[in-house]
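Close look at the chain arrangement
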Amino acid sequence: MGTMSTVRTYAGVVGVVLLLLGVVGLIMQDAILFGFLNSDIIEDIIHLVTGALMAYVGFAQRDNALARMVVGVLGAIYLLVGVLGFLDAKLFGIVPTGYTTPDNIVHLLLGVLGLVVAYALPTTDTTVTT
């Protein structure tokens, strides 16, 4: 039985968090979650889709290269959304209720962390034996 790689662990954890955020957002319907995060149907669906994809590469498959690619691509997308959110809170009409500054910061953090985990960490996990 092998151990999970860092990129797959990251994908699994972030995937579960995004899935939960999407479900809570759908239940709360167009509200500000936790007092500071935007929630609308488009955002919730995006969280569910990206969360499911991350959870899949984190838990259901064993290909670290695929996990790196998914985490890296989604990291780049979240980084772009974070930057664009500062330029236009409604993301050029895609997000009806608009992003808050904390939304943009969370997207930037997810983007940067995803890119670091996917591309800056070693490509293989090693186990030290004594």
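Residues numbered from 1 in each chain as written. Predicted model: local features only at pLDDT ≥ 70, side-chain atom pairs only at ≥ 80, totals over all residues. Heavy atoms only, no water.

Spanning 23 residues, helix α1 (residues 6-28) covers 33 Å between terminal C-alpha atoms, matching the ideal 33 Å at 1.5 Å per step. Among the residues of α1, V7, R8, Y10, A11, G12, V14, G15, L18, L21, G22 and G25 are the ones counted as buried. Positive backbone phi, at 50°, marks Q29, one or two positions downstream of α1. (Helix = DSSP H or I, 4+ residues; strand = E, 2+ residues; numbered from the N terminus. Expected span 1.5 Å × (residues − 1). Buried < 20%, exposed > 50% of the residue type's maximum accessible area, 1.4 Å probe, protein only.)

Okay, the confidence of the model for the protein next. The predicted model of the protein averages 86 in pLDDT, with 86% of residues at 70 or higher. The least confident element of the protein, judged by mean pLDDT, is strand β1 (residues 32-33) at 66; the most confident is helix α3 (residues 64-87) at 95. Within the model, pLDDT remains below 50 along residues 126-130, and this stretch shows zero contacts once partners closer than five positions in the same chain are excluded. (pLDDT = per-residue confidence, 0-100. Contact = heavy atoms within 4.5 Å.)

Turning our eyes to something else, we now look at the nonpolar core. Ranked by size, the top nonpolar core spans 15 residues in total, and within it Y10, V14, M54, V71 and L110 carry the most contacts. Going through the elements one at a time, α1, α2 (41-60), α3 and α4 (101-120) are the ones with two or more residues in this core. (Core = buried A, V, L, I, M, F, W, Y, C linked by side-chain atoms within 4.5 Å.)

The subject of this paragraph is the environment of G12. If you trace the backbone, G12 turns up in helix α1. It is 7.1 Å that separates the C-alpha atoms of G12 and V57, two residues lying 45 residues apart in sequence. If sequence neighbours within four positions are ignored, G12 has contacts with M54, A55, G58 and F59.

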